[in-house]
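# Breakdown of the fold
Read off the chains here:
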Amino acid sequence: MDQPLLFNAFEMASAMHNAHGLWKHPDSERHRRYKELHYWIEMAKRLEAGLFDAVFFADVLGVYDTYRQSKDPSIRDGMQFPLNDASLIIPVMASVTTHLSFVLTASTTYEHPFHIARRFSTLDHLTNGRIAWNIVTSYLPNAAKNFGLERMIAHDQRYEIADECLEVTYKLWEGSWEEGAFLEDRETGVLIDPGKIHPINHHGAFFSVEGPHLCEPSPQRTPVLYQAGSSERGRAFAAKHAECVFVGAPSPERLSFYIQDIRQRAERYGRDPQQLKFFTFLTVIVAKTTEQAEAKYEQLRRLWSTDAAKAQFSGASGYDLAEYEAKPADEPFLFRATDHGHYKAASLTKDATKPLTIGEALQKAGTLTRESVIIGNPIQVADAIEERARRSGVDGFNLTHLITPKDLDDFIEYVVPILQRRGLYKTAYTPGTMREKLFGNGPRLAHDHPAAAFRPIGSRTDG
Ligand SMILES: Cc1cc2nc3c(=O)[nH]c(=O)nc-3n(C[C@H](O)[C@H](O)[C@H](O)COP(=O)(O)O)c2cc1C
């Protein structure tokens, strides 16, 4: 690896996030303090001191209620519920940091592109160009019902809407305001030149937007674009739009397949395939000694909530695992496409290292399995991270922290210095916007990105 790996703290403005049942651990603070402004101010300072690239705020717009056809298993353990709006937390975190970037999730299915464009322009201004958009189409039935629908829009149809949503935001961010529109000319009495502000007059299958964009061009204009699809349609979308892509798969080899596949698809869209950066999940249980780390893992395993874990898997995949609990455990656990997300089901079926029975799949979905975490002393953890990156070709990780904020402190104290000595972790931030830190080619989207086609004629090669 010729450059340091990238590390995001995987977060949510919620009581618990992917640490099922661990609110019961004596060191857990987040389930009480996630509501406090000062908690997030402390978090921002901690992450910047630890030289994290970004804090990645996942988000959903409903409660997971597929498992047992009930919201109770999610609510009981605070599984991604209660859940606040991270867009209101980010400016506060930005005010106490200089380099830490922020990834905010927004749904193309339930949020209108005009709103999305204004929110991200505002955040790009307030963070001085340190904002990214994690583009999601949303996979929860309760979210559909929260926005007036009887049932979810079909999986691939959501990506059709997402494609048009992105086109509208590109027109607003990249094409509506020319450079130099802000004149502040006291002689002529013109603050902003109307001749440089343009409507977008978008009329499409799903959206109709006249414009112009209400916001003045921000440092990046278009936020850095993240996406995490692993289905056929999801990978096509990522290849067309994403600068940073999440891939979740149970083996480095399967990760590598997805990375190469999406790079090849990006090339077919006329994009430089090396301009995409790939991230995957990482969960670490580290302590000074192997024995202490193993003891920590045993304690977490005992506190783990199988119900909350199955609620998350069922909601993300559309497989009500309660139905599988009633089937013979030795039957094969097979993939079937649902209108939820596909990657969770794929991880236990077509991406699995071997075919699984229903009993094996239920065990993996419901427990804190050894293969889902890296356990060990600092050297062992650093070795495992280095090997996973080398075998898969990922550029970085989304670090899940099971006990928050203690696990982040442990990672920064024990693992970061070793990775730094190996050249695998930065020792200082580089200057500039989030996009400049990631790609080193200026603050704007690359000129071969589809958004560039919406720039005013004279400025299409910017970026
Ligand atoms: C690291 C990661 C983070 C994700 N964060 C969110 C999120 O915050 N909200 C959401 O609705 N979906 C989230 N997803 C799910 C994706 O948006 C998408 O639905 C999923 O990858 C399935 O895509 P597919 O159906 O194209 O395979 C995330 C997925 C991954 C791998």
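The rules we used
- Residues numbered from 1 in each chain as written.
- Predicted model: local features only at pLDDT ≥ 70, side-chain atom pairs only at ≥ 80, totals over all residues.
- Heavy atoms only, no water.
- Helix = DSSP H or I, 4+ residues; strand = E, 2+ residues; numbered from the N terminus.
- Rg over C-alpha atoms; globule rule 2.2 N^0.38 Å.
- Buried < 20%, exposed > 50% of the residue type's maximum accessible area, 1.4 Å probe, protein only.
- Near = heavy atom within 4 Å.
- Polar contact = N/O pair within 3.5 Å; in protein donor to acceptor, adjacent residues only side chain to side chain.
- Areas by Shrake-Rupley, 256 points an atom, 1.4 Å probe, with all protein chains shown as cover.
- Pairing = 2+ DSSP bridges.
- Axes fitted to C-alpha atoms, helices over the stretch in contact; angles between N-to-C directions.
- Parallel < 35°, antiparallel > 145°, perpendicular 65-115°, else oblique.
- Left-handed = near helix turned anticlockwise from the far one by under 90°.
- Contact = heavy atoms within 4.5 Å.
- pLDDT = per-residue confidence, 0-100.
- UniProt positions renumbered as here; feature names shortened; annotations may be inferred.

### Things to note about the overall build of the chain
Of the regular secondary structure elements, the chain holds 17 helices and 13 strands. Here the C-alpha radius of gyration of the chain, 22 Å, is about what a compact globule of 463 residues would show, namely 23 Å. Referenced to the eigenvectors of the C-alpha coordinate spread, the extents of the chain come out at roughly 75 × 50 × 40 Å. For the chain, buried positions account for 58% of its 463 residues.

### Section: the site of the ligand
Residues in close proximity to the ligand total 20 residues, the closest being D59, H155, Y159, A228 and S231. Here H342 contributes a backbone N or O atom positioned 2.9 Å from an oxygen atom of the ligand. Between an oxygen atom of the ligand and a main-chain N or O atom of Y343, the distance comes to 3.5 Å. Coverage of the ligand by the protein amounts to 96% of the 620 Å² it exposes when considered alone. Within the residue set of the shell around the ligand, elements represented by two or more residues are strand 4 (131–136) and helix 7 (155–175).

### What about the pairing of strand 13 (residues 396–400)?
Each regular strand shows side chains that alternate between the opposite faces of the sheet. Buried residues dominate strand 13, accounting for five of its five residues. The two faces of strand 13 match: G396, N398 and T400 on one face and F397 and L399 on the other face are all buried. As judged from the five bridges shared by strand 11 (residues 277–286) and strand 13, these two strands associate in the parallel manner. The residue of strand 13 that forms the bridge with F281 is N398.

### Observations concerning unusual backbone geometry
A cis geometry characterises the amide bond from F81 onward to P82, with omega recorded as -10°. Along the chain, the position of P82 falls in the loop between helix 3 (72–76) and helix 4 (90–95). Here the residue pair T404 and P405 is connected by a cis peptide bond, since its omega of 10° sits within 30 degrees of zero. Mapped onto the elements, P405 comes out in the loop between strand 13 and helix 16 (406–421).

### Considering the packing of helix 8 (residues 232–241) against helix 9 (residues 252–268)
Here helix 8 crosses helix 9 at 55°, and the two axes come no closer than 8 Å. The angle between the axes of helix 8 and helix 9 places the two elements in the oblique class. The handedness of the crossing between helix 8 and helix 9 comes out as right-handed. The segment helix 8 lies against helix 9, with E232, R235, A236, A238 and A239 engaging F257, Y258, D261, I262, R265 and A266.

### Some details on the confidence of the model for the chain
Per-chain confidence: the chain averages 96 in pLDDT, with 99% of residues scoring 70 or above. ipTM for the predicted complex: 0.98, alongside a pTM of 0.97.

### Considering the UniProt feature "domain: Luciferase-like" (unreviewed entry) in the chain
Those places that UniProt annotates as "domain: Luciferase-like" (unreviewed entry) correspond, in this numbering, to residues 30–395. The distance from the first to the last C-alpha atom of residues 30–395 is 28 Å, and the span holds 43% helix and 13% strand.

### A word on the environment of V286
Note on placement: V286 falls in strand 11. As a C-alpha pair, V286 and I375 span 89 residues in sequence and 5.9 Å in three-dimensional space. Beyond its immediate stretch of four places on either side in the chain, V286 contacts A293, K296, G376, N377, P378, V381, D410, F411, Y414 and V415.

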